[in-house]
Amino acid sequence: MDFRHTEEQKMWLDTLDRFMEKEVGREYTRKHDASRQFPEEIYYKVAEEGWLGMLLPEDLGGMGLDPVMYAIFCEKIAKFSLDTAACFMQMIFTANNLATHGTKEQQEKYIPSFLKGDQRFAISISEPNAGSDAAAASTKAVLDGDHWVINGAKMWCSGAHHKNTTIVLMARTSQERYDGLTTILVPNDTPGLEIRKLDTIVRKSLGTTQCFYDNVRVPVANTLGKVGDGWNVIGKHLQLERMSLAASYVGNARTALDDTIRYTKDRKQFGKSLSSFQVIKHRIAENEYELAAARLLVYNAATMLARGEHALKEVSMAKVFAVDTAFKVAFNGMQAMGGYGQMPEFDMERYFREAKHGMVGGGANEIQRSIIAKEMGI
Ligand SMILES: Cc1cc2nc3c(=O)[nH]c(=O)nc-3n(C[C@H](O)[C@H](O)[C@H](O)COP(=O)(O)OP(=O)(O)OC[C@H]3O[C@@H](n4cnc5c(N)ncnc54)[C@H](O)[C@@H]3O)c2cc1C
């Protein structure tokens, strides 16, 4: 297969790269990581460009771009930080659920203000006792007239605490393991919902939270998709989420590797550049070909999604390989930078922390391997 970008794709890549250099940059990224602030100014700039709607169809005010163009966006938006990328990707791939499964009323209510940058989204699958085994979710939604009454606890709901955020909640509406799950839209200011921020080493700008539901009432009209179809909604969601993550890890690893190359060429010990030592040169070369392979896996998966093909295995392969590669690149970068790698102003410690998170976030590496094996009939 030929994955060389078309002229249109190359222009999109260059536009995004210029945007990242001009509007975001390293200083801004470090500041937001250290202060745990959401990149509001940049978020509104992306909204002004119309890019939040890149996956939404044109009749909903979106750009109607395909998953390959979206992968290019994810690759570039992660140039300096996977956390910055998550602030955008999470909103874009979660809003996409409304385009795919939402009613006309839900789309009219949420999408125009999402496109302006005001309406934000969070996705809530994980629970204290249901992580990799997400279908074990026990947060319950019970019908009471024309309302759902929700009780339970959710874990790791990233971004749920930001203003104007609506949570796409996966809740249990009956006992069947998979067919008993339903997705429901829950605005984060609904009475009875308590959101506590968690102090994690990653996702500092987006933030992640624990959510406690105590008789939270939302109209039945907030059901996203059909009752009992939540596992299917989440399955499609996760496929796009994992493809986004894979592309972003490739983009961030590119910067980490370029930083390593620059540093090891400049830094001299024993009268020579670090990059002249064979052990370092070989690690860099190994990372270069692994990164090239990871990028091909990402664009293979994105191309299959763009063609509407079944790509469960390919998305998981791209995700697990991109994350592992990003981690190796950052691990080697940390070692090559010696003590300096451990200082925030050298950025490598951030790439390292965030790459490690990728081995768990969006579905752990072990689970991706299980998906690949299952798709292979094993
Ligand atoms: C910063 C952060 C942000 C997050 N954001 C969100 C979010 O916005 N929304 C959301 O719903 N979730 C979110 N998550 C949750 C994330 O998806 C889970 O952490 C992940 O699915 C793993 O679940 P767990 O942490 O409970 O680990 P566990 O499921 O307890 O797994 C622990 C370890 O055991 C391994 N393991 C588990 N089962 C198997 C198996 N069958 N075979 C082999 N190994 C296995 C895992 O791979 C892992 O290494 C976030 C997590 C973090 C840390």
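Residues numbered from 1 in each chain as written. Predicted model: local features only at pLDDT ≥ 70, side-chain atom pairs only at ≥ 80, totals over all residues.

**Details of the overall build of the protein**
Alright, step 1. Helices and strands together make up the secondary structure of the protein, namely 10 helices and 10 strands.
Alright, step 2. On C-alpha atoms alone, the protein measures out to a radius of gyration of 21 Å, which is about the 21 Å that the 2.2 N^0.38 rule sets for 378 residues.
Alright, step 3. Overall, the protein is about 80 × 45 × 40 Å in size when its C-alpha atoms are taken along their principal axes.
Alright, step 4. Within the protein, the proportion of its 378 residues that are buried is 48%. (Helix = DSSP H or I, 4+ residues; strand = E, 2+ residues; numbered from the N terminus. Rg over C-alpha atoms; globule rule 2.2 N^0.38 Å. Buried ≥ 20, exposed ≤ 12 C-beta atoms within 10 Å, placed from the backbone.)

**A short note on the site of the ligand**
Alright, step 1. Around the ligand sit 20 residues, and of these Gly131, Ser132, Trp156, Ser158 and Ala364 come closest.
Alright, step 2. Of all elements in the fold, only strand E1 (120–124) and helix H10 (365–375) reach the threshold of two or more residues within the shell around the ligand.
Alright, step 3. Here the residues of the shell around the ligand are counted per class, giving eight nonpolar, 10 polar and two charged.
Alright, step 4. Two domains each put at least three residues into the shell around the ligand: domain 2 (122–228) and domain 3 (231–375). (Near = placed C-beta within 6 Å. Nonpolar A, V, L, I, M, F, W, Y, C, P; charged D, E, K, R; others polar. Domains from an automatic or database assignment.)

**Quick word on helix H9 (residues 348–358)**
Alright, step 1. With nine of 11 residues buried, H9 is to be regarded as a mostly interior element.
Alright, step 2. For H9, the secondary structure elements touched by its buried residues are helix H1 (7–35), helix H4 (82–101), helix H6 (230–266) and helix H8 (312–336). (Contact = placed C-beta atoms within 7 Å.)

**Describing the domain arrangement of the protein**
Alright, step 1. If you check the domain split of the protein, you get domain 1 (7–119), domain 2 (122–228) and domain 3 (231–375).
Alright, step 2. On a C-alpha basis, the centres of domain 1 and domain 3 stand 21 Å from each other.
Alright, step 3. Those elements giving two or more residues to the side of domain 1 that touches domain 3 turn out to be H1, helix H3 (67–77) and H4.
Alright, step 4. No other element matches the nine residues that H4 contributes to the side of domain 1 that touches domain 3.

**What to know about the nonpolar core**
Alright, step 1. Judged by nonpolar contacts, the single largest core of 104 residues is most densely connected at Val298, Ala301 and Ala322.
Alright, step 2. Here this core takes 15 residues from H6, the largest share from any one element.
Alright, step 3. Sequence-distant contacts of Val298, that is, excluding residues within four places in its chain, are made with Ala71, Ala246, Ala247, Val250, Ala318 and Ala322. (Core = buried A, V, L, I, M, F, W, Y, C linked by C-beta atoms within 7 Å.)

**With respect to the packing of H8 against H10**
Alright, step 1. Packing of H8 against H10 brings their axes to within 9 Å, and their N-to-C directions diverge by 145°. The chirality of how H8 crosses H10 is left-handed. In this structure, H8 uses Leu312, Lys313, Ser316, Met317, Lys319, Val320 and Val323 to contact H10, whose residues at the interface are Asn365, Gln368, Arg369, Ile371, Ile372 and Glu375.
Alright, step 2. Residue classes in the contact of H8 with H10 are distributed as six nonpolar, three polar and four charged. (Axes fitted to C-alpha atoms, helices over the stretch in contact; angles between N-to-C directions. Left-handed = near helix turned anticlockwise from the far one by under 90°.)

**Points about the pairing of strand E2 (residues 140–144)**
Alright, step 1. Across five bridges, the pairing between E2 and strand E3 (residues 147–154) is antiparallel. Within the sheet, the bridge partner assigned to Asp144 lies in E3 and is His147. (Pairing = 2+ DSSP bridges.)

**Considerations on H8**
Alright, step 1. Compared with an ideal rise of 1.5 Å per residue, which puts 25 residues at 36 Å, H8 spans 36 Å between its outermost C-alpha atoms and is within 8% of the ideal.
Alright, step 2. A large share of H8 lies buried, amounting to 18 of its 25 residues. (Expected span 1.5 Å × (residues − 1).)

**Re the packing of H3 against helix H7 (residues 278–306)**
Alright, step 1. The N-to-C vectors of H3 and H7 enclose an angle of 145°; their axes lie 7 Å apart at closest approach. Every residue of H7 that contacts H3 at Pro67, Val68 and Ala71 is listed here: Val298, Tyr299, Ala302, Thr303, Leu305 and Ala306.

**With respect to unusual backbone geometry**
Alright, step 1. Phi is positive for Arg36, which is not a glycine, with a value near 55°.
Alright, step 2. The residue Arg36 is located in the loop between H1 and helix H2 (40–49) in this model.
Alright, step 3. With a phi angle near 55°, Asn164 is a residue other than glycine that sits in the positive phi range.
Alright, step 4. Its place among the elements puts Asn164 in the loop between E3 and strand E4 (165–172).

**Considerations on the pairing of strand E5 (residues 181–187)**
Alright, step 1. Most of E5 is tucked away: six of the seven residues are buried.
Alright, step 2. Across seven bridges, the pairing between E4 and E5 is antiparallel. The residue bridging Thr166 from the neighbouring strand is Pro187, located in E5.
Alright, step 3. Two elements, E5 and strand E8 (residues 223–224), share two bridges in a ladder whose sense is antiparallel. Each residue of the ladder has a partner; that of Thr183, found in E8, is Leu224.

**Focus on the environment of Leu169**
Alright, step 1. Within the element layout of this structure, Leu169 appears in strand E4.
Alright, step 2. C-beta crowding within 10 Å serves as the criterion here: with 31 such atoms nearby, Leu169 is assigned to the buried category.
Alright, step 3. The spatial distance from the C-alpha of Leu169 to the C-alpha of Ser126 is 9.6 Å, given a sequence separation of 43 residues.
Alright, step 4. Filtering out sequence-adjacent residues up to four positions away, Leu169 remains in contact with Ser124, Thr183, Ile184 and Val186.

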